[in-house]
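Here's the letter readout for the chains.
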Amino acid sequence: MSITIENLNKNFGSYKALDNINLEVNSGELLALLGPSGCGKTSLLRIIGGMELADSGKLLFHGEDVQQRDARERNVGFVFQHYALFRHMTVFENVAFGLRVKPKKERHNEAEIKRRVHELLNLVQLDFLHDRYPAQLSGGQRQRIALARALAVEPKILLLDEPFGALDAQVRKELRRWLRRLHDELHITSIFVTHDQEEALEVADRVVVMNKGKIEQVGTPDEVYAAPATPFVYKFIGNVNMFHSRDHAPWAAEHGDAVAYVRPHDIDISRIAQDDTALPVEVKLVRAIGSIVRVEVALDSSSEIIQIELSRERFDSAPLVIGDKVFIRPRQFRVFESGVLNELSAA
Amino acid sequence: MSTPTITRKISTRESTTVTLLLIGVALAYLLLFLGLPLVAVFVEAFKKGWQLYWEALQEPDAWSAIKLTFIAAAIAVPANLVFGVSAAWAIAKFEFKGKSLLITLIDLPFAVSPVVSGLVYVLLFGAQGWFGPWLQAHDIKLLFAVPGIVLATIFVTFPFIARELIPLMQSQGKEEEEAAVSLGASGWQTFYKVTLPNIKWGLLYGVILCNARAMGEFGAVSVVSGHIRGLTNTMPLHVEILYNEYNFVAAFSIASLLALLAVVTLLIKALVEWQAKRSGEPLHHGA
């Protein structure tokens, strides 16, 4: 089911949580709402789920206005950061809850409920835990049960609020891959909120980057990483070096007061000046991290630190040591003039 | 879990004499102020033997006081149960204007002296009070009658259940309720399938405290009762009357019954606390 959001606004007192949001979520896609805490991503999710009301604007499910519909009538599954499992019920009863509260004439008989719950528990690979209580499960298990519970009512839309936020790094990585596979099987329109850019880029079909109640960019993981629309997106997703044209970036100088953004892996290092725009630097730090080598250099002109990432192969072909005097030149960069992308200058 | 044992080991390096002395002082204090009065009540009650004790309890006025006490508690506790749960549910799970005013109002009976709250009822419903003439014209007797006693009891025991539940429900948050609603549960289903099971031990604890106070209340009830023997005397009031008449055995007999109710209440309370601990639900002693 597709979701359309038009001119949506939400204030908490004088604080603007959502500022004129427009967004189209395609049917069956897995969308990530990505941004720092307080950017409004959770508010947006809760408005879609019916837990909060927007002050103004439109919210359509498959072209139909649902703003007046109560959360229980929206047919939306919700997964909470802290699981929100019913602590006094077994795993089985948790998953069965949505089936048991249906109005009498829609309710399935006990045998059918049993069949469905076990089917869902098998889907999340935790059927063997059906008679345990939530307190007896690990965080990762609890979140998978929470997901099974949300799926039990066959929602048309699945909303996940920082679903892996409370888990440790290893479980997080496992679970997000698992979520991606599950989505590929079920194809429910899903939106998940995260502040972890790696998570968003790895799992989502499309990423919505939010900041201060506004949408900064909507695009595929590749688009938001390779072609950030705003300086905020550049800084928020991945590492980036900034060169102020006026000070020390001859290759961006023609733009006046502008800033060139360059990814650490888009910088070439050479012992001789590549051309007259190359910047002379001194190597300050060399550190090998797994498959990449991180090099920090200081500009001769301002001693500002620039971060560079090289593949191990590339580094090995021309090794560097601390104190080496070399030249750097970006292979790719984007120039923003007072926050606005200068399309012509994008290399 | 292991920290308390470690600190205890370090902090008990005092000599045995000091340790025993401190424990002795604490125990003596407890016995003198808590244990002795309880024992005294029973000793005085049975001073003249079982026979008199039994007769004192069967005396019609005493029997009527016992019945009235139970009637007042039987109305006040359920009334405050309904009110306390609704108020705590509203305060803990929703945002609305006037919330802090409501919390302050709930605390009012704790802040006001019971005698004053009794007097307020006299001012409102007495013959010279605001609604007195209207009540008289319609032949409704509130003051110096059972309804007045029930009203005063409800007022005094008002905060017990709500105060017990508010911090508990606030600490549990509202995510489970939101999850239930998103799964299609109605407000009522959410309440009795999700909220109620989560607060059951705290609720029972509040009911026990509320009941103990409802049966033992003296001040407010004394003002509105009129002390009519056999009609508007509750157990605590009857004890006072008998005592003032130098009828000590009868006074202590009724008092021993009140004390027995208190002991039973404490036992049930201990049982509830033990059960709650076992089930893992924390009890908040907010009141």
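In the block above lies the structure referred to throughout.
Please read all numbers here as calculations on a predicted model, not as lab measurements.

Enquirer: If you had to explain the sheet that holds strand 10 (residues 214-219) of chain A to someone new, which residues and values would you point to?
Expert: Residues and elements named next belong to chain A. What the six strands build is an open sheet, ordered 6-7-8-3-9-10; its pairing is mixed. The open sheet has two edge strands, strand 6 (76-79) and strand 10, and neither has a second partner. Direction aside, neighbouring strands of the sheet carry axes that sit 15 degrees apart on average. With four bridges connecting them, strand 6 and strand 7 (residues 157-161) associate as parallel partners. Paired with Gly77 across the bridge in strand 7 is Leu158.

Enquirer: Tell me about empty space enclosed by the protein, and name the residues and values.
Expert: With a probe scaled to a water molecule rolled over the atoms, the places where space remains empty come into view. Residue and element names in this part refer to chain A. Overall, the coordinates contain four cavities of 30 Å³ or more when judged by the stated rule. Roughly 70 Å³ of volume is contained in the largest cavity. Taken together, Leu30, Leu151, Leu158, Leu160, Leu179, Leu182, His183, Leu186, Ile188 and Ser190 make up the full set of residues lining the largest cavity. Listed by contribution, the elements that provide at least two residues to the lining of the largest cavity are strand 7 and helix 5 (169-186).

Enquirer: Break down the pattern of salt bridges for me, with residues and values.
Expert: For side chains bearing opposite charge, pairing can occur when the charged atoms are close. Residue and element names in this part refer to chain A. In the structure shown here, the tally under the stated rule is 35 salt bridges over all chains. Among the salt bridges present, the one from Glu93 reaches Arg100, with a minimum N-O distance of 2.9 Å. What makes Glu93 partly exposed here is its relative accessible area of 26%. Here Lys325 ties to Glu282 by a salt bridge, and the two come within 3.3 Å at their closest N and O atoms. Taken together, the residues span a long stretch of sequence, with Lys325 in strand 17 (residues 325-330) and Glu282 in strand 14 (residues 279-289) at a distance of 43 residues. Residue Lys325 is classed as exposed on the basis of its relative accessible area of 53%.

Enquirer: Account for the packing of aromatic side chains, naming residues and giving values.
Expert: Two numbers describe a pair of aromatic rings. These are the distance of the centres and the angle of the planes. All names here are of chain B. Here the structure, examined in full by the defined rule, presents 22 aromatic pairs over all chains. Between Tyr121 and Phe155 the ring centres are 6.2 Å apart and the planes differ by 85 degrees, which places this aromatic pair in the edge-to-face class. Residue Tyr121 is located in helix 6 (residues 114-125), and its partner Phe155 is located in helix 8 (residues 146-157); the two are separated by 34 residues in the primary sequence. An aromatic cluster is present here, built from Trp89, Phe94, Trp188, Phe191 and Tyr192 joined pairwise through their rings.

Enquirer: With reference to specific residues and values, describe the nonpolar core.
Expert: Within soluble globular proteins, side chains that are nonpolar tend to cluster in buried spots. Counting 46 residues, the largest nonpolar core has Val95(A), Val117(A), Ile145(A) and Leu147(A) as the members making the most contacts within it. Ranked by residues supplied to this core, first place goes to helix 4 (residues 139-151) of chain A with six residues. If we skip the residues at most four places from it in the chain, Val117(A) touches Phe92(A), Val95(A), Ala96(A) and Leu99(A). Core analysis: the next-biggest nonpolar cluster, separate from the first, contains 39 residues, Val25(A), Met89(A), Ala179(B) and Leu183(B) among them.

Enquirer: Account for the pairing of strand 12 (residues 258-262) of chain A, naming residues and giving values.
Expert: Residues and elements named next belong to chain A. Judged by how many residues are buried, strand 12 sits mostly within the fold: five of five residues are covered. Of the two faces of strand 12, the one holding Ala258, Ala260 and Val262 and the one holding Val259 and Tyr261 are both buried throughout. As paired elements, strand 11 (residues 241-244) and strand 12 share four bridges and run antiparallel to each other. Each residue of the ladder has a partner; that of Asn241, found in strand 12, is Val262. Bridging between strand 12 and strand 18 (residues 334-337) involves four bridges; their strand directions are antiparallel. By the bridge assignment, Ala260 is partnered in strand 18 with Val335.

Enquirer: I'd like to hear about unusual backbone geometry, residue by residue, with values.
Expert: Even without being a glycine, Glu162(A) presents a positive backbone phi close to 45 degrees. Take Glu162(A): it is sitting in the loop between strand 7 and helix 5. A relative accessible area of 9% means that Glu162(A) is categorised as buried. In the Ramachandran plot, Tyr246(B) falls in the positive-phi region, its phi being about 60 degrees despite a non-glycine side chain. Locating Tyr246(B) in the fold gives a position in the loop between helix 13 (235-244) and helix 14 (248-279).

Criteria and thresholds
Residues numbered from 1 in each chain as written. Chains lettered and ligands numbered in written order. Predicted model: local features only at pLDDT ≥ 70, side-chain atom pairs only at ≥ 80, totals over all residues. Heavy atoms only, no water. Pairing = 2+ DSSP bridges. Helix = DSSP H or I, 4+ residues; strand = E, 2+ residues; numbered from the N terminus. Axes fitted to C-alpha atoms, helices over the stretch in contact; angles between N-to-C directions. 1 Å grid on protein atoms, 1.4 Å probe; cavity = no way out; pocket = protein on both sides within 12 Å on 5 of 7 lines; lining within 4 Å. Points joined across faces, edges and corners; volume = space filled by probe spheres on them. Salt bridge = Lys/Arg side-chain N within 4 Å of Asp/Glu carboxyl O. Buried < 20%, exposed > 50% of the residue type's maximum accessible area, 1.4 Å probe, protein only. Phe/Tyr/Trp six-rings, centres within 6.5 Å; stacked < 30°, edge-to-face > 60°. Core = buried A, V, L, I, M, F, W, Y, C linked by side-chain atoms within 4.5 Å. Contact = heavy atoms within 4.5 Å.

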